Structures are given as structure tokens and as C-alpha cells.
Amino acid sequence: MTKAIYPGTFDPVTNGHLDIATRASKLFDSLIIGVYDKPAKKLLFSTKERVELWKGAIANLPNVSVEAYSSLTVDYAGQSGAQVIVRGLRMSSDFEGEFEMALMNKSINPNLESAFLMTNLHYQFLSSSLLKEVALLNGNIADLVPPNVLAAFKRKLALP
Ligand code: ADP
């Protein structure tokens, strides 16, 4: 049984994240989405909201679950019994940071592997931070997020 975790901030989950999770769910027996509780970033959605939004988005994927975590990602992965950390790669700028992180994680826990899935061409430009900027200025994000996330944006930003 291969268990993987897909960790991230997910503020909020986008169709780019969902595409990675859907594809990873076919590669591994089970996948845990790990929503990091305390990123060094300014958040729009609380941890509880980020977890709930993911849960709404993956309701049709039976081998995928969602949890919040606050420890070091490698420690969290080890405690969950996962063998693999999944991350998505968009452009070359993602590569350097992910490469560094994967090597650091490997040095802390050599039993854990990192697996990288290339972004779907449609979502190559999509990041949660850009998405929030567009949404705050009332731009159309309907094709970029799952329907429950679109509804959450409307509630949070009091949009029509
Ligand atoms: P973090 O703060 O951990 O970088 P994010 O929530 O921004 O977390 O992203 C989590 C993971 O999803 C990262 O591996 C990131 O590269 C990947 N990711 C984000 N957006 C996309 C996308 N549009 N396509 C593919 N992967 C993505």
C-alpha cells in the first residue's frame, strides 16, 4: 500500500491543485492532502476554511482525505505513514525552491521520496496569490476554482 501526502498552504485550493490531487490519487493507494496551519504568508482563508474547501472539492475521490498539520512536513509525512510527498511544478521558477526543499527533506528523512507532477497546461499560470488578486478586483475566476471555492470567495469578499 503506497500512501502519499500532498502538502501545501492552499489559500484556497485552485483547479491547478485539484488537478494534481486527482492525478496523484490514481498513482497511489491513498492520498492525504495536508493543509499547513501556520505558513509565513498572509492568509485570506483560515485553516478550517482551507480544509473544508478541499473537502468539498474532493468529495468524489474516495481514496483522498484532508487534514490540517502544523509540524515539519517530513515529520507529518512520517507520522501519517506516508512514503511519498507529492508536489506540483508549474514553471522553472518553482523548480529551484522545490529542488532545495526535496533535498532538505531527504536529508532529514531518507525513507521519504518526493514526487513531482507537472502542471496541467491550462493551469500553468495559476497560483493562489494571483487568483486572490484577481478575485479582490472582481475579475472572473469561475474557470479557475472548484464551484465551492467560487462560492466561498463570493461570501468572503461580499461579491455579487
Ligand atoms: P506552498 O505554500 O506549499 O508552496 P501552495 O498551496 O501554493 O503551497 O501549493 C502547493 C503545491 O501545489 C506546490 O507544490 C505548488 O507548486 C503546487 N501548485 C500550485 N499551483 C499549481 C498549479 N496551478 N499547477 C500545478 N501545481 C500547482
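The paragraphs below set out a description of the structure included in this document. (Residues numbered from 1 in each chain as written. Predicted model: local features only at pLDDT ≥ 70, side-chain atom pairs only at ≥ 80, totals over all residues. Heavy atoms only, no water.)

## Points about the site of the ligand
Alright, step 1. Taken together, 17 residues form the shell around the ligand, and within it Tyr6, Thr9, Phe10, Lys41 and Gly88 come nearest.
Alright, step 2. Protein chains shield 88% of the accessible area of the ligand, which is 550 Å² for the free molecule.
Alright, step 3. Residue assignment for the shell around the ligand shows that the elements contributing at least two residues are strand S1 (3-8), helix H1 (15-27), strand S4 (84-89) and helix H4 (92-108).
Alright, step 4. For the shell around the ligand, the residue count by class is six nonpolar, six polar and five charged. (Near = heavy atom within 4 Å. Areas by Shrake-Rupley, 256 points an atom, 1.4 Å probe, with all protein chains shown as cover. Helix = DSSP H or I, 4+ residues; strand = E, 2+ residues; numbered from the N terminus. Nonpolar A, V, L, I, M, F, W, Y, C, P; charged D, E, K, R; others polar.)

## Some words on the packing of aromatic side chains
Alright, step 1. Taken as a whole and judged by the stated rule, the model has seven aromatic pairs.
Alright, step 2. Considering the side-chain rings of Tyr6 and Trp54, the 6.3 Å spacing of their centres and the 75° angle between planes classify their relative orientation as edge-to-face. You can see Tyr6 sitting in strand S1 and its partner Trp54 sitting in helix H2 (residues 47-57), a full 48 residues away along the chain. You'll find Tyr6 and Trp54 in the same group, each marked buried.
Alright, step 3. The interplanar angle of 15° and the centroid separation of 5.3 Å between the aromatic rings of Phe95 and Phe99 together place this pair among those described as stacked. Taken as a pair, Phe95 and Phe99 lie in helix H4 at a separation of four residues, close to a single helical turn.
Alright, step 4. Accessibility expressed as a relative area gives 46% for Phe99, which makes it partly exposed.
Alright, step 5. Each member of the aromatic cluster is reached from another via a ring pair, and the members are Tyr6, Phe10 and Trp54. (Phe/Tyr/Trp six-rings, centres within 6.5 Å; stacked < 30°, edge-to-face > 60°. Buried < 20%, exposed > 50% of the residue type's maximum accessible area, 1.4 Å probe, protein only.)

## What about the sheet that holds S1?
Alright, step 1. The parallel open sheet is built from five strands, whose spatial order is S3-S2-S1-S4-S5. The outermost strands of the open sheet, each flanked by one partner alone, are strand S3 (64-69) and strand S5 (113-118). Across the sheet, the axes of successive neighbouring strands diverge by a mean angle of 30°, strand direction being ignored.
Alright, step 2. Where S4 meets S5, six bridges bridge the pair, whose relative direction is parallel. Bridge pairing in S5 links Arg87 to Phe116.
Alright, step 3. Each of S1, strand S2 (30-36), S3, S4 and S5 touches H1; the most contacted strand, S5, lies at about 125° to it. (Pairing = 2+ DSSP bridges. Axes fitted to C-alpha atoms, helices over the stretch in contact; angles between N-to-C directions. Contact = heavy atoms within 4.5 Å.)

## Describing the packing of H2 against helix H6 (residues 147-157)
Alright, step 1. For the pair H2 and H6, interaxial distance at closest approach is 9 Å and the crossing angle is 145°. The segment H2 lies against H6, with Glu49, Glu52, Leu53, Gly56 and Ala57 engaging Asn148, Val149, Ala152 and Lys156.
Alright, step 2. Here the residues of the contact of H2 with H6 sort into four nonpolar, two polar and three charged.

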